[in-house]
Amino acid sequence: DTEVTQTPKHLVMGMTNKKSLKCEQHMGHRAMYWYKQKAKKPPELMFVYSYEKLSINESVPSRFSPECPNSSLLNLHLHALQPEDSALYLCASSETGYEQYFGPGTRLTVT
Amino acid sequence: EDQVTQSPEALRLQEGESSSLNCSYTVSGLRGLFWYRQDPGKGPEFLFTLYSAGEEKEKERLKATLTKKESFLHITAPKPEDSATYLCAVHSYSGGGADGLTFGKGTHLIIQP
């Protein structure tokens, strides 16, 4: 089973809202990732949790906050987002250093 | 800084017309090169991993090859259902900070019946 699940599939939020994206994997992988993908662009890495240690892409603004409650779950907390944050948010998991398996993504629209 | 360049940006083929997609890369230490397929509005689907020059992998109508500077994705006798964006990505030892994949911009492939 190489399934990564993400909820919700679609999310519309205002700039003053607080919301969370959720990701789950049951493959026993020890690394989980958040990527952001704008239309007609490749995915861009935002955060990595590897063996419960967080690594951050320094270009990601602080209005995005990741959380890893356990090795199977990954959340992305959103606060005070801007319209330019509208994108497809992808979660992935892997055994460290090997191929990453992606979820279906959450389509986020910020109004 | 890792760089991945894919060509062509877009490719339109007739059904059954074989072709190749190119991925050239510049990294200081390659840990792996990955090919993904992505359909519109969906997450990338893993296809292949290549680790060392000379390695080849095959799956149905697709074959991926790797040299020290580039990788090719060969598509033999494609069908309309092969239409998608094909993404190449590298995982290297050179990345500082967050350790993830660096993607190319992709090749948008259209197979016409």
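Further up the page is the structure itself.
Residues numbered from 1 in each chain as written. Chains lettered and ligands numbered in written order. Predicted model: local features only at pLDDT ≥ 70, side-chain atom pairs only at ≥ 80, totals over all residues. Heavy atoms only, no water.

1. Examining the pattern of salt bridges
All names here are of chain B. In the structure shown here, the tally under the stated rule is five salt bridges over all chains. Put simply, glutamate 56 and lysine 63 hold a salt bridge, and the shortest N to O gap is 3.3 Å. Overall, glutamate 56 belongs to the partly exposed group, its relative accessible area being 48%. Of the residues examined, lysine 63 reaches a relative accessible area of 27% and is grouped as partly exposed. Where arginine 61 meets aspartate 82, a salt bridge forms, and the shortest distance between an N and an O atom there is 2.8 Å. Taken together, the residues arginine 61 in the loop between strand 6 (56-59) and strand 7 (62-66) and aspartate 82 in the loop between strand 8 (70-75) and strand 9 (84-92) connect sequence positions 21 residues apart. (Salt bridge = Lys/Arg side-chain N within 4 Å of Asp/Glu carboxyl O. Buried < 20%, exposed > 50% of the residue type's maximum accessible area, 1.4 Å probe, protein only. Helix = DSSP H or I, 4+ residues; strand = E, 2+ residues; numbered from the N terminus.)

2. Structural notes on the nonpolar core
Trp34, Tyr35, Phe64, Leu76 and Leu78 of chain A are the most contacted members of the largest nonpolar core, which has 39 residues in total. Looking at this core element by element, the count peaks at six residues for strand 9 (residues 87-94) of chain A. Sequence-distant contacts of leucine 78 of chain A, defined by excluding residues within four places in its chain, comprise Leu11, Met13, Asn17, Lys18, Lys19, Leu21, Arg63, Phe64 and Leu108 of chain A. Listed in part, the 22 residues of the second largest apolar core include Leu21, Phe48, Leu62 and Leu66 of chain B. (Core = buried A, V, L, I, M, F, W, Y, C linked by side-chain atoms within 4.5 Å. Contact = heavy atoms within 4.5 Å.)

3. Remarks on the interface of chain B and chain A
Contacts between chain B and chain A engage 21 residues on the former and 21 residues on the latter. Applying the counting rule to chain B against chain A returns zero salt bridges. Along the contact surface separating chain B from chain A lie five residue pairs in polar contact (both at pLDDT 80 or more). Of all elements in the fold, only strand 4 (30-38), strand 5 (45-50) and strand 9 of chain B reach the threshold of two or more residues within the side of chain B that touches chain A. Ranked by the residues each element gives to the side of chain B that touches chain A, the list is headed by strand 4 of chain B, at four residues. A per-class count over the side of chain B that touches chain A returns nine nonpolar, eight polar and four charged. (Polar contact = N/O pair within 3.5 Å; in protein donor to acceptor, adjacent residues only side chain to side chain. Nonpolar A, V, L, I, M, F, W, Y, C, P; charged D, E, K, R; others polar.)

As far as function goes, none of this settles anything; it's purely spatial.
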